[in-house]
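Given next are the chains, with one letter for each unit.
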Amino acid sequence: VAESIRRLEIRGAPAIGVAAAYALVLAVQDHASPDAGTPERRFREAVSHLATTRPTAVNLFTALKRMQTCFEAIRTTDPLRIHESLLGEARAIERDDREACAAIARYGAPLLKGVSAVLTHCHTGSLATAGGGTALNIIIEAATRGRLKRVYVDETRPLLQGARLTTWELMQHGIDAVLITDSSAGFVMQQRNTEAVLVGADRIAANGDTANKIGTYGLAVLAEKHGIPFYVAAPVSTIDPELASGGEIPIELRAPEEITHLRGVQIAPSGVSVYAPAFDVTPHGLITAIVTDKGVLYPPFDEAIRTVSKAGAANVERTV
Ligand code: MRU
């Protein structure tokens, strides 16, 4: 599972967290081989291993922490009962994410009332979560409810999550998906072809600064320039209130081959220097609103995030 996460076979912040939780269940289950060690040793080794897979999406660490808390509360050495408790917690993490996706769609869809076309980046749908998705779930809900007809989809260089996954999910729902290169987004906005930009998030700092797929920051700057609202959608589990601002968010660097090669074919000269950040950080001042499973957060985000982090299950319908 760790290798699948590292290679992006399992990807998208919420899906990474859910998969990591189940990976810990598999780790304690592996007690057949004689040198497998105690469940505790296997569990702790698996936690350390999973924590090295991808540094930016905080859902991974939130899920590992929940599983650790669960493990520490277990008062038995019976491997079957340990397994049962961990499986219960992994299922709860999965269920929480499924419910969060549904709530995000419910809170977010009214923001697109009267909007006929939006632009999105990367992939935030059902293949990236345990439920219907985050930003993409809002888009699907808005299309089901009303006027939203067309979605411009950035291909999302270099791994093409937009081209491969977002277009496919939208087409499954019968929504008009228009695939564009990442560099076409400015022109699409200038031509007034999109009325809003919606993206997901991998980690949101206490002040609202948001890490998301590389290219997101550029879209936010373009949206501001063209007077278009820029919405972020993510469950509260993607908020990291321990980080004061986006400058503290660890940004994953990917292997140079992801840029120098296309499906195994080399397209750049051998030996060229490469800089391949997987994510960028959008400053909170460029974000119109953050749609969470507890409600829609508006600036000032530091206040809204403090309230929502403390509120637990309480709804924060609108925090101004
Ligand atoms: O590198 P990826 O494909 O895991 O990056 C995914 C994103 O940036 C998504 O926007 C984010 O994880 C939210 S998925 C609901």
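Read on for a plain summary of the structure. (Residues numbered from 1 in each chain as written. Predicted model: local features only at pLDDT ≥ 70, side-chain atom pairs only at ≥ 80, totals over all residues. Heavy atoms only, no water.)

### Focus on the sheet that holds strand β6 (residues 210–213)
Strand pairs in the sheet, formed through backbone hydrogen bonds, run parallel or antiparallel to each other.
Here is step 1 of the chain: Pairing in this open sheet of four strands is mixed, and the strands run β8-β5-β6-β11 from one edge to the other. The open sheet is flanked by β8 (239–240) and β11 (279–282), the only strands paired with a single partner.
Here is step 2 of the chain: Note: strand β5 (residues 203–205) against β8, two bridges, orientation parallel. Note that in β8 the partner of Ala 205 across the bridge is Asp 240.
Here is step 3 of the chain: Against the sheet, helix α9 (residues 216–225) contacts β6 and β11, and its axis sits at roughly 35° relative to β11. (Pairing = 2+ DSSP bridges. Helix = DSSP H or I, 4+ residues; strand = E, 2+ residues; numbered from the N terminus. Contact = heavy atoms within 4.5 Å. Axes fitted to C-alpha atoms, helices over the stretch in contact; angles between N-to-C directions.)

### Points about the site of the ligand
Here is step 1 of the chain: Around the ligand, the structure places 18 residues, and the nearest of them are Arg 11, Arg 54, Asp 202, Asn 212 and Lys 213.
Here is step 2 of the chain: Here Arg 11 contributes a side-chain N or O atom positioned 2.4 Å from an oxygen atom of the ligand.
Here is step 3 of the chain: Between the ligand and Lys 213, the relevant distance is 2.7 Å, taken from an oxygen atom to a side-chain nitrogen or oxygen of the residue.
Here is step 4 of the chain: Protein coverage of the free-state accessible area of the ligand, which is 410 Å², stands at 100%.
Here is step 5 of the chain: For the shell around the ligand, the secondary structure elements donating two or more residues are α2 (13–29) and β6. (Near = heavy atom within 4 Å. Polar contact = N/O pair within 3.5 Å; in protein donor to acceptor, adjacent residues only side chain to side chain. Areas by Shrake-Rupley, 256 points an atom, 1.4 Å probe, with all protein chains shown as cover.)

### Side note on the environment of Val 199
Here is step 1 of the chain: Mapping Val 199 onto the fold places it in strand β4 (residues 196–199).
Here is step 2 of the chain: On the basis of relative accessible area, Val 199 is assigned to the buried category, the value being 0%.
Here is step 3 of the chain: Sequence separation between Val 199 and Val 272 is 73 residues; the distance between their C-alpha atoms is 31 Å.
Here is step 4 of the chain: In this structure Val 199 touches His 121, Ala 135, Asn 212, Thr 216, Phe 230, Tyr 231, Val 232 and Ala 233, once residues within four positions along its chain are discounted. (Buried < 20%, exposed > 50% of the residue type's maximum accessible area, 1.4 Å probe, protein only.)

### Here we look at the nonpolar core
Here is step 1 of the chain: Core analysis: the biggest nonpolar cluster contains 29 residues, and Leu 24, Phe 43, Leu 50, Leu 64, Met 67 and Leu 86 have the highest contact counts within it.
Here is step 2 of the chain: Broken down by secondary-structure element, the contributors of at least two residues to this core are α1 (2–6), α2, α3 (39–51), α4 (58–72) and α5 (79–108).
Here is step 3 of the chain: For this core, the element with the most residues is α2, which contributes eleven residues.
Here is step 4 of the chain: Leu 86 has contacts with Leu 24, Val 25, Val 28, Phe 43, Met 67, Cys 70, Phe 71 and Ile 74, leaving out every residue within four places of it along the chain.
Here is step 5 of the chain: The next biggest cluster of nonpolar side chains, apart from the first, holds 28 residues, and it includes Tyr 152, Val 199, Phe 230 and Val 232. (Core = buried A, V, L, I, M, F, W, Y, C linked by side-chain atoms within 4.5 Å.)

### Concerning helix α7 (residues 161–172)
Owing to its 3.6 residues per turn, the α-helix brings residues three or four apart onto one side.
Here is step 1 of the chain: Between the first and last C-alpha of α7 there are 16 Å, a value that for twelve residues agrees with the 16 Å anticipated at 1.5 Å per step.
Here is step 2 of the chain: For α7, the full list of buried residues reads Gln 161, Gly 162, Leu 165, Thr 166, Thr 167, Glu 169 and Leu 170.
Here is step 3 of the chain: Backbone geometry just after α7 places Gly 174 at a positive phi near 70°. (Expected span 1.5 Å × (residues − 1).)

### Observations regarding the pattern of salt bridges
When the charged atoms of two side chains lie near each other, side chains of opposite charge can form a pair.
Here is step 1 of the chain: Scanning all chains against the criterion turns up 17 salt bridges.
Here is step 2 of the chain: For the salt bridge of Asp 176 with Arg 150, the shortest nitrogen-to-oxygen distance reads 2.8 Å. A residue pair is termed long-range when its members are at least 10 positions apart, and Asp 176 in strand β3 (residues 176–180) and Arg 150 in strand β2 (residues 150–154) qualify at 26 residues.
Here is step 3 of the chain: On the basis of relative accessible area, Asp 176 is assigned to the partly exposed category, the value being 32%.
Here is step 4 of the chain: Notably, a salt bridge pairs Asp 293 with Lys 294, separated by 3.6 Å at the nearest N-O pair. Assigned by exposure class, Asp 293 and Lys 294 land together as buried. (Salt bridge = Lys/Arg side-chain N within 4 Å of Asp/Glu carboxyl O.)

### Remarks on the environment of Val 272
Here is step 1 of the chain: Mapped onto the fold, Val 272 is located in the loop between β10 (265–266) and β11.
Here is step 2 of the chain: Expressed as a C-alpha distance, the spacing of Val 272 and Pro 256, which sit 16 residues apart in the sequence, is 9.2 Å.

### Regarding the packing of α5 against helix α6 (residues 135–145)
Here is step 1 of the chain: Interhelical geometry of α5 versus α6 gives an angle of 55° and a closest axis separation of 8 Å. Taken together, the axes of α5 and α6 lie oblique to each other. Like other packed secondary-structure pairs, α5 and α6 cross with a definite hand, here right-handed. Contact with α5, carried on its side by Cys 101, Ala 102, Ile 104, Ala 105, Arg 106 and Gly 108, involves Asn 137, Ile 138, Glu 141 and Arg 145 of α6 and no other residues of that element.
Here is step 2 of the chain: Here the residues of the contact of α5 with α6 sort into five nonpolar, two polar and three charged. (Parallel < 35°, antiparallel > 145°, perpendicular 65-115°, else oblique. Left-handed = near helix turned anticlockwise from the far one by under 90°. Nonpolar A, V, L, I, M, F, W, Y, C, P; charged D, E, K, R; others polar.)

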